[in-house]
Amino acid sequence: MLSYGRWLKKRVLITVRTYPAPSRSSVEVSCTAGIDEDGRWIRLFPVPYRFLDKDKRFRKYQLIEANVAKAASDTRPESYKIDIDSIKILSEPIPTNNKWELRKAKIMPLMSRSLCYLQSERDRNKEPTLGFFKPRMISALKLEQTSSNWTEADLARLTQSVFFGNIPKTRLEKLPYDFTYKFTCDDNACRGHELKCTDWEMGASYWAWRQKYGSNWEAKFKDMYETKMSMVLDTHFFVGTLSTHPSEWIIIGLFYPPK
């Protein structure tokens, strides 16, 4: 039985970190998820990553320890609030040698057979709201231009008073594009899906490649995240539902060892 509001010490292997977004309570936060010591998915929030002290800025595939508590404000069963002051990094990131063999050993036991399966299970049981699967075929990556400016409400959140020790030198930049994958999953009844991807690395790639390649950034971006992801790499998706729209799924992370 879950005990809401009670702090528990947990060890978590971090597997997911999304591009930050303005938050009502914590200036800006990243959706952060991983696998706990019991081999179960766990979602941690709020994680204002750029505000963390340097010794607490964990990377993906690092093992951390922290105090967490099941929050009554988020009904998703895998969601826990985290005491950021208690974060301890326990390991270096798991390496990618031998075709990501060590990472696969941790993650593959939690693989589901399809997004269709995850959706039907959530609709029937209200869980899971986190999952991991391999798409049968990635048909396209859509780059949809959006506003490059935050709304007034978002700006107010980004400039609210904060109590963290480390304040970023620059304000969070808004991604002026949405990145959406079109794919089918390994289910005979699958009619195809279109899911927005909020993976941190995609957002970082956009800013770095726009600066490096100028007007040619889009070709480089699609070569990596569309062509290589669909044809060269053994791409899997980490997915999760939205707290405000429990039946809506998005891609929150990418897992792409070589084939």
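Refer to the preceding data block for the structure.
Model, not experiment: these values are computed from the prediction.

Definitions and cut-offs
- Residues numbered from 1 in each chain as written.
- Predicted model: local features only at pLDDT ≥ 70, side-chain atom pairs only at ≥ 80, totals over all residues.
- Heavy atoms only, no water.
- Helix = DSSP H or I, 4+ residues; strand = E, 2+ residues; numbered from the N terminus.
- Contact = heavy atoms within 4.5 Å.
- Buried < 20%, exposed > 50% of the residue type's maximum accessible area, 1.4 Å probe, protein only.
- Pairing = 2+ DSSP bridges.
- Salt bridge = Lys/Arg side-chain N within 4 Å of Asp/Glu carboxyl O.

Considerations on the environment of Leu130
Here is step 1: Within the secondary structure, Leu130 sits in strand β9 (residues 130-133).
Here is step 2: Remark: the alpha-carbon pair of Leu130 and Gln211, spanning 81 residues in sequence, is separated by 34 Å.
Here is step 3: When neighbours within four sequence positions are excluded, Leu130 is seen to be in contact with Ala33, Trp41, Ile42, Arg43, Glu78, Leu118, Val239, Gly240, Trp249 and Ile252.

A look at the environment of Gly39
Here is step 1: Inspection of the secondary structure assignment puts Gly39 in the loop between β4 (32-36) and β5 (41-45).
Here is step 2: Gly39 sits 99 residues away from Ile138 along the chain, and the two C-alpha atoms are 28 Å apart.

Side note on the pairing of strand β6 (residues 63-70)
Here is step 1: The buried fraction of β6 amounts to 6 of the 8 residues, a majority that puts the element mostly inside the structure.
Here is step 2: As paired elements, β6 and strand β8 (residues 88-89) share 2 bridges and run antiparallel to each other. Within the sheet, the bridge partner assigned to Glu65 lies in β8 and is Lys88.
Here is step 3: The sheet contact formed by β6 and strand β7 (residues 79-82) spans 3 bridges and is antiparallel. Bridge pairing in β7 places Ala69 opposite Lys81.

Comments concerning unusual backbone geometry
Here is step 1: Between Phe45 and the following residue, Pro46, the backbone shows a cis peptide bond with an omega angle of -15°.
Here is step 2: With respect to the element layout, Pro46 can be found in the loop between β5 and β6.
Here is step 3: Although it is not a glycine, Lys99 adopts a positive phi angle of roughly 55°.
Here is step 4: In this structure Lys99 comes out as partly exposed when scored by relative accessible area, which is 47%.
Here is step 5: Of note, Trp100 is a non-glycine position whose phi angle comes to about 65°, a positive value.
Here is step 6: Structurally, Trp100 is set in helix α1 (residues 97-107).
Here is step 7: Residue Trp100 is classed as buried on the basis of its relative accessible area of 10%.

Things to note about the pattern of salt bridges
Here is step 1: Enumeration over the complete set of coordinates arrives at 18 salt bridges.
Here is step 2: Of the charged contacts, one joins Arg157 and Asp154 as a salt bridge, the two residues approaching to 3.2 Å between their closest N and O atoms. Here Arg157 pairs with Asp154, and both are found in helix α3 (residues 152-158), just 3 residues apart, close to one helical turn.
Here is step 3: The buried category is assigned to Asp154, whose relative accessible area is 16%.
Here is step 4: In this structure, Glu194 engages Lys182 in a salt bridge whose closest nitrogen and oxygen atoms are separated by 4.0 Å. Here Lys182 lies in strand β11 (residues 177-185) and Glu194 lies in strand β12 (residues 193-197), a separation of 12 residues in the sequence.
Here is step 5: Each of Lys142, Glu144, Lys182 and Glu194 takes part in one network of salt bridges that share partners.

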